[in-house]
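# Structural characterization, general
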Amino acid sequence: MAKGRLEMASRRPRARGALEQELLACLAAAQGPLTAAQVRDELGHDTAYTTVMTTLARLHEKRALERTQAGRAYAYALVGEPLDAHANVTAHRMHRLLDEQPDRAGVLARFVAQLDRYEEDMLAKLLERNTRAGRGSAFAGRRPRS
Amino acid sequence: MITLVAVPLLSSLLLAVLAGPIARRVRPTIAVPLITGLALSSALCTGLVLSVTAVLAAAQLGPFPHHGQWSRSALHTASGFPLALGMIALLIVAGCLTAATVQATRWLRALRLVRRACAVLSPSVGNLVLLRDPVPVAYSLAGAGGRIVVSTGMFAALSAPQRRVLLAHESAHLTHRHSLYRHLTSLAAAANPLLRPAVGAVTLATERWADEAAASEVGDRELVARALAQASMAAAKTAVPLGALAAADHGVADRVRLLLSPPKRPRGYVTAAVLTGLASWATTAVITLWANDVVQFAENVYTRR
């Protein structure tokens, strides 16, 4: 599945489910409908165009995406919002309930925590320093350890 | 002999001290099961030795010597510690058991709640639940196949490779059953409050585990660090104050630093932690055998009379 010059960046071929989720995430981030070619550009070239196209079509079949004809191709977008308005409210209520649990850490694993001012400054500095040090130089040859 | 009771207590304290550095510096696939396992074993050992102490004291009280047919005075001299000490142990054991029971019921309640949440949150693809919300939110829920909940606002704040990191991170939490480790460590800490720091350590170590899993998925640690920083900056901008609770979550800055400059692997911490665990068990065995001897001696004295 992975090919092209960014092969190094993708050490494992993606599982089919993972690619589907990435494409959905891509369209969730987009402002409007995107064609398969636009989605692939957005992803950064390491997945074949045909793979993106068939995966988008599959997501359409699963009713996760809707599509409209855009010239000779299809443009894909998330399915209409009205359906989900209710689900959103429920999700937020659930989130709040889970958040109030005494052992919240066991229930809900957040991607990022809230930052205090000190942490925010430190993060900005850390990232800046690593950018200046040059991409890769600090990590050359270092493999992830798990 | 009774001074040996201090060994499991000291070992709990030592584990509490070591848990932080282990979570930070040992490979998380090892650190998480290690801390959880040692916390559980430490809670068990402490509970056992305190129970033995309590039993030796309680056996001297009221009608017990008569019913059990052992000599009260022989028991007292052979066990060789003041009755008050045994009473204190009894109170501690009762308190710890209550706390552990409370924690276990909390766990069950949380499991039920998560199951309900998973039933309500219908996933768009696989286990990914997409929220139409400009506020950046991303978390995973373990149970009923698990859910990864992400808002459109969070996805919009990240680049495509960073979104891949987020998805890999959250699914690592689910596949490696991180919530189970967290629950078990909380249970151990409830049963033995000395182990409280282990809870935070396991939370951090599971986050690191998911970070490292995402890093090996995308083959780039710096990308993971950037995704974390980007996501938390975005979340900070639209911060919905969640109160003091959210601030207690484990430091993003810490995780970013550990991704950018992986710590040297220290053998010492792991060895020390494992040794204290073993010492704990050895002591528990010795004390249990000794208590058995004491009671037997008291019984012999009783029958000889």
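Residues numbered from 1 in each chain as written. Chains lettered and ligands numbered in written order. Predicted model: local features only at pLDDT ≥ 70, side-chain atom pairs only at ≥ 80, totals over all residues. Heavy atoms only, no water.

### Digging into unusual backbone geometry
A positive phi angle, near 65°, is found at Arg-63 of chain A, a position not held by glycine. Relative to the elements of secondary structure, Arg-63 of chain A occurs in the loop between helix H3 (49-61) and strand S2 (65-70). Unusually for a residue other than glycine, Gln-69 of chain B sits at a positive phi of about 60°. Here Gln-69 of chain B lies in the loop between helix H3 (64-68) and helix H4 (72-79). (Helix = DSSP H or I, 4+ residues; strand = E, 2+ residues; numbered from the N terminus.)

### Digging into the confidence of the model for chain A
Across chain A, the average pLDDT comes to 75, with 73% of residues at or above 70. Predicted confidence is poor over residues 134-146 of chain A, with pLDDT under 50, and the contacts of this stretch with residues over four places away or in other chains come to 31 contacts. (pLDDT = per-residue confidence, 0-100. Contact = heavy atoms within 4.5 Å.)

### Considerations on a nonpolar patch on the surface
A contiguous nonpolar surface patch, about 310 Å² in accessible area, is contributed by Leu-9, Leu-10, Leu-13 and Leu-194 of chain B. In this structure Leu-194 of chain B comes out as partly exposed when scored by relative accessible area, which is 31%. (Patch = residues over 30% accessible without salt bridge, like charges linked within 9 Å, V, L, I, M, F, W, Y side chains within 5 Å. Areas by Shrake-Rupley, 256 points an atom, 1.4 Å probe, with all protein chains shown as cover. Salt bridge = Lys/Arg side-chain N within 4 Å of Asp/Glu carboxyl O. Buried < 20%, exposed > 50% of the residue type's maximum accessible area, 1.4 Å probe, protein only.)

### Some thoughts on the pattern of salt bridges
Going through the model one piece at a time under the given rule, you end up with 13 salt bridges over all chains. Its salt-bridge partner being Lys-62 of chain A, residue Glu-20 of chain A comes within 2.8 Å of it at the nearest N-O pair. Taken together, the residues span a long stretch of sequence, with Glu-20 of chain A in helix H1 (residues 16-29) and Lys-62 of chain A in the loop between H3 and S2 at a distance of 42 residues. Residues Arg-164 of chain B and Glu-217 of chain B are paired through a salt bridge, measuring 3.8 Å at the closest nitrogen-oxygen approach. Of this pair, Arg-164 of chain B sits in helix H7 (residues 160-175) while Glu-217 of chain B sits in helix H9 (residues 196-218), and the two are 53 residues apart along the sequence. In this structure, a network of salt bridges that share partners links the residues Arg-182, Glu-207, Asp-211 and Arg-255 of chain B.

### A look at the nonpolar core
Residues Val-39 and Leu-56 of chain A together with Phe-155 of chain B are the most contacted members of the largest nonpolar core, which totals 57 residues. Excluding residues that lie within four positions of it along the chain, Phe-155 of chain B makes contacts with Ala-25, Ala-28 and Ala-29 of chain A together with Leu-128, Leu-130, Val-150, Arg-163 and Leu-167 of chain B. Grouped together as the second largest cluster of nonpolar side chains are 24 residues, Ile-22, Ala-39, Ala-205 and Ala-273 of chain B included. (Core = buried A, V, L, I, M, F, W, Y, C linked by side-chain atoms within 4.5 Å.)

### A word on the sheet that holds strand S1 (residues 128-131) of chain B
Taken in spatial order, the four strands make up an open sheet running S4(A)-S2(B)-S3(B)-S1(B), and their pairing is mixed. Either end of the sheet is taken by a strand with one partner, and the two such strands are strand S4 (108-110) of chain A together with S1 of chain B. Strand after strand, the sheet turns through a mean of 20° between neighbouring axes, direction not considered. (Pairing = 2+ DSSP bridges. Axes fitted to C-alpha atoms, helices over the stretch in contact; angles between N-to-C directions.)

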